[in-house]
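# A look at the structure
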Amino acid sequence: MENNFLSLIKTCRSVRAYKPQPVPSEALDAVLEAGTYAPTGGGRQSPTIIAITDPKYRQEIARLNAEVMGNNTDPYYGAPVVILVLADGSANTFVEDGSCVLENMMLAAHALGLGTVWVHREREIFDSESGKALLREWKLPETLRGVGAIALGYPAKEAGQPAARKQNYIVRI
Ligand SMILES: Cc1cc2nc3c(=O)[nH]c(=O)nc-3n(C[C@H](O)[C@H](O)[C@H](O)COP(=O)(O)O)c2cc1C
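Description of the structure in this document. Everything quoted here is computed from the prediction, not taken from an experiment.

### Observations concerning the sheet that holds strand β3 (residues 115–119)
The strands that make up a sheet are held in pairs by hydrogen bonds between backbone atoms, and each pair lies either parallel or antiparallel. Pairing is antiparallel in the open sheet, where four strands are placed in the order β1-β2-β4-β3. Edge strands, defined here as strands with exactly one partner in the open sheet, are β1 (47–52) and β3. Recorded for the sheet is a direction-independent mean angle of 25 degrees between the axes of neighbouring strands. Inspection of the sheet shows β1 paired to strand β2 (residues 81–88) by six bridges, in the antiparallel sense. Note that in β2 the partner of A51 across the bridge is I83.

### Description of the site of the ligand
Neighbouring residues of the ligand: R13, S14, R16, Y77, V117, W118, V119, H120 and R121. Side-chain polar atom of Y77 to an oxygen atom of the ligand: 2.4 Å apart, as the coordinates give it. Within the contact set of the ligand, an oxygen atom lies 3.0 Å away from a backbone nitrogen or oxygen of H120. Alone, the ligand offers 630 Å² of accessible surface; in the complex the protein occludes 57% of this.

### With respect to the environment of R136
Of note, R136 is situated in helix α6 (residues 129–137). A relative accessible area of 41% means that R136 is categorised as partly exposed. With 89 residues separating them in the primary sequence, R136 and P47 have C-alpha atoms 17 Å apart. Not counting chain neighbours up to four residues away, the residues in contact with R136 comprise E129 and E142.

### Quick look at unusual backbone geometry
In this structure, Q45 takes a positive phi of about 50 degrees despite not being glycine. Mapped onto the elements, Q45 comes out in the loop between α2 (25–36) and β1. Taking relative accessible area as the criterion, Q45 reaches 62% and is therefore assigned exposed. Of note, N168 is a non-glycine position whose phi angle comes to about 60 degrees, a positive value. Residue position: N168 is located in the segment after β4 (144–153). Here N168 falls in the exposed class, since its relative accessible area comes to 65%.

So, how was this worked out
- Residues numbered from 1 in each chain as written.
- Predicted model: local features only at pLDDT ≥ 70, side-chain atom pairs only at ≥ 80, totals over all residues.
- Heavy atoms only, no water.
- Pairing = 2+ DSSP bridges.
- Helix = DSSP H or I, 4+ residues; strand = E, 2+ residues; numbered from the N terminus.
- Axes fitted to C-alpha atoms, helices over the stretch in contact; angles between N-to-C directions.
- Near = heavy atom within 4 Å.
- Polar contact = N/O pair within 3.5 Å; in protein donor to acceptor, adjacent residues only side chain to side chain.
- Areas by Shrake-Rupley, 256 points an atom, 1.4 Å probe, with all protein chains shown as cover.
- Buried < 20%, exposed > 50% of the residue type's maximum accessible area, 1.4 Å probe, protein only.
- Contact = heavy atoms within 4.5 Å.

Next comes the structure, spelled out in structure tokens:
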């Protein structure tokens, strides 16, 4: 079946090279708002979305993420915006809630001609003392746990083709 939204899903690929140009605020707002409309367990809206454009914190979060990997690369591939998704660790669906938020934002960004990639290791960052210090600085509760992040910006090159879907991905009973 052909449909614009279905084709959007199929063409949404991870972007690992970004132009330095900033994301217009209306587009960023639209992406963030799309995240807030994700489903959440029990309708608890456990996630908190943190959009980082301030170069000081953009650099700090990259440093902390790279530290978890044990290197000094930029894990967000030079993207001008990093969007962190954390969630209330006391909600038993915090990982699933945050994951739905991340996916909504990735699809919304793609619909607006922006690129994203999910970047991992936010759990380690915000379970650490350095991450908790950032939460205090941002006046956010230390009970927030990291779920993931997306790098956001204009793609610097064409997205490749998706990998072939594995055999037996879908089972019909
Ligand atoms: C939970 C999760 C963690 C991921 N972590 C990273 C990451 O840290 N860095 C990265 O470049 N891509 C990361 N990715 C993106 C995957 O590598 C990517 O989706 C996969 O290779 C398929 O490529 P495609 O999105 O272009 O189809 C992650 C994806 C998910 C769902």
